[in-house]
Every structure is written in C-alpha cells, then in structure tokens.
Amino acid sequence: MNDLENQLPRIFQVNLHRFYERVIAPVLENLPEPTLQEITASNSMSENLDRAAAQVNAHTHNEAAKAFVLALAGLFERQLRHWALHLFSPLNPRTVYEGDYAKLLDRCLEAREVDGSRDDVRKDLVEAVLVANVVRHGDGRTSKSLRTIAPELWVYDPSEYVDINAGPSPDSEQIRIRTRDVQRYIHAGVRFWGRVDPLPMAVTEPPF
C-alpha cells in the first residue's frame, strides 16, 4: 500500500470543496433563480420587459449551472482516475485512463468497502458525468440515458421562465440544472472522498 493511495482522497476532497466554496457558490449566489409567478396576459410594456428580463436571468443561471456541472464532473473524474492508478497499480495504466467511468467508480467503492447507495453518492456521481456529457455534446445516447434515469431535470413550470428557446429545440437544450442539483453533485463528491479516506478524522459529510 503506497502513501498516495491514502493521502489523495483527503487532498482531492479539499480541492473539490475549495472549488465549490470559492468559485461556484459565489457565482450562483449572484445569479438567483427566478421566483415562480403566475403567467397572465400582459397589459403593459413594463410587464413585457420584466418578463424578458426574467427569461434572460433564468437562461444565464441555467447556463452557469450547466457549466459548473461540466467543470465539477470533469474535476472529479480526473481525480478518480488519478487515485485509481495508485489504488490498483495496473500493469496497463490505459485500463484506468480510458476505462468506463461508472465501472471504475464501482471498483473503487468496492475496494474501500463503501456503500455507494448511501445518500445516493454513486447515483449522483454518475448522473453528474451524464449531465456533463449532454452539456458538452447535445442530443444522443447519453441524453436519452439521462432522461431515463433523471427525467426531473426536464420538468419545470413555465412560470420559471426557462423555456426561452425559439421554436422546437433539441432535448439537450431543454435540460434544467438548478442550484440544488449542483449542490447534490458536489455533496456526492465530497462524501465519496471522505468515505474512502482511511486516515483518522476523515470528513464524511459536507461541511456546508
């Protein structure tokens, strides 16, 4: 057992937490999600302008949230593959660099005897990577798979002002990522690294 195998989980947990606290949280706090409002017939130019502003704000928040999931998922996946190289010391590192993400995640959980179903850690970590792939590539097999396992990401009330795509749009353009979704994914990553951390005083619950 090498030292990095034991040290990396704590290092990665801190890096993931720091990225959220210093970069993601401040931005999303400055981009509040729109308040639900009853949609009624507009009687004034002022009301039309307010609705237009709400739609722009909702679109900006949604795009920021999607971008952060893309960054978070990429960061966690790189961390996982890095750690797995030390955890398994494979003869052929390409099996870790290029192997299936979900299978590698399961292998790591099993190696540390961690229950991935607790607090939906595994589910959320896999979902985050699927969201990232949909954001990056648009419609396709991943989009269909994500819509099967997380249909709630496509469900929202019209009064949330998110339906801003003119005319028919690809399914991937209709995905809605809320602040709570970003938080779910970061919580899963922080919990994962805390629960596979073998060192004393491991932090197994997010400190936020």
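The structure this text deals with has already been given above.
Conventions adopted
- Residues numbered from 1 in each chain as written.
- Predicted model: local features only at pLDDT ≥ 70, side-chain atom pairs only at ≥ 80, totals over all residues.
- Heavy atoms only, no water.
- Salt bridge = Lys/Arg side-chain N within 4 Å of Asp/Glu carboxyl O.
- Helix = DSSP H or I, 4+ residues; strand = E, 2+ residues; numbered from the N terminus.
- Buried < 20%, exposed > 50% of the residue type's maximum accessible area, 1.4 Å probe, protein only.
- Core = buried A, V, L, I, M, F, W, Y, C linked by side-chain atoms within 4.5 Å.
- Contact = heavy atoms within 4.5 Å.
- Phe/Tyr/Trp six-rings, centres within 6.5 Å; stacked < 30°, edge-to-face > 60°.
- Lys NZ or Arg CZ within 6 Å of the ring centre and 35° of its normal.
- Arc of directions from axis to C-beta.

For the rest of this paragraph, the subject is the pattern of salt bridges. Applying the stated criterion to the full structure yields 17 salt bridges. Note that aspartate 197 is salt-bridged to arginine 10, the shortest N-O span being 2.7 Å. Of this pair, aspartate 197 sits in the segment after helix H7 (179–195) while arginine 10 sits in helix H1 (residues 3–29), placing them 187 residues apart in sequence. Relative accessible area serves as the criterion here: at 26%, arginine 10 is assigned to the partly exposed category. A salt bridge links aspartate 124 to lysine 123; the nearest nitrogen and oxygen atoms lie 3.6 Å apart. Classification of aspartate 124 by relative accessible area gives buried; the value is 6%. Bridged by salt links that share partners, the residues Arg118, Asp119, Arg191, Arg195 and Glu205 form one connected network.

One finds Phe76, Leu80, Trp83, Leu105, Leu146, Leu153 and Phe192 to be the most contacted residues of the largest nonpolar core, which totals 51 residues. If you list the elements that add at least two residues to this core, you get H1, helix H2 (45–88), helix H4 (101–111), helix H5 (121–137) and H7. Look past the residues within four positions of leucine 146 in its chain and what remains in contact with it is Glu127, Leu130, Val131, Val134, Pro151, Leu153, Trp154 and Ile175.

One pass over the full model with this rule turns up 6 aromatic pairs. With 5.3 Å between their ring centres and 85° between their planes, phenylalanine 76 and phenylalanine 192 make a pair best called edge-to-face. Of this pair, phenylalanine 76 sits in helix H2 while phenylalanine 192 is found in helix H7, placing the two residues 116 residues apart along the sequence. Each of the two residues, phenylalanine 76 as well as phenylalanine 192, counts as buried. With a centroid separation of 5.6 Å and an interplanar angle of 50°, the aromatic rings of phenylalanine 76 and tryptophan 193 are classed as tilted. Of the two residues, phenylalanine 76 is situated in helix H2 and tryptophan 193 in helix H7; the sequence distance between them amounts to 117 residues. A relative accessible area of 4% means that phenylalanine 76 is categorised as buried. Residue class for tryptophan 193 comes out buried when judged on its relative accessible area of 0%. Directly above the aromatic system of phenylalanine 88 lies the positively charged group of arginine 107, at a separation of 3.8 Å from the ring centroid.

With that settled, consider unusual backbone geometry. Its identity is not glycine, yet glutamate 113 carries a phi of approximately 55°, on the positive side. Positionally, glutamate 113 belongs in the loop between H4 and H5. Despite not being glycine, aspartate 120 has its phi angle at roughly 60°, a positive value. Here aspartate 120 is to be found in the loop between H4 and H5. Accessibility expressed as a relative area gives 39% for aspartate 120, which makes it partly exposed.

Looking now at the side chain of serine 143. Its place among the elements puts serine 143 in helix H6 (residues 141–149). If we skip the residues at most four places from it in the chain, serine 143 touches Val134, Gly138, Trp154, Asp171 and Ser172.

By the burial criterion, the buried members of H4 are Tyr101, Ala102, Leu104, Leu105, Cys108 and Leu109. Taken down its axis, H4 places every buried residue within 160° of arc, on the same side. Away from its buried face, by an angle of more than 90 degrees, H4 presents the exposed residues Lys103 and Glu110. A positive phi of about 55° marks glutamate 113, the residue just after H4.

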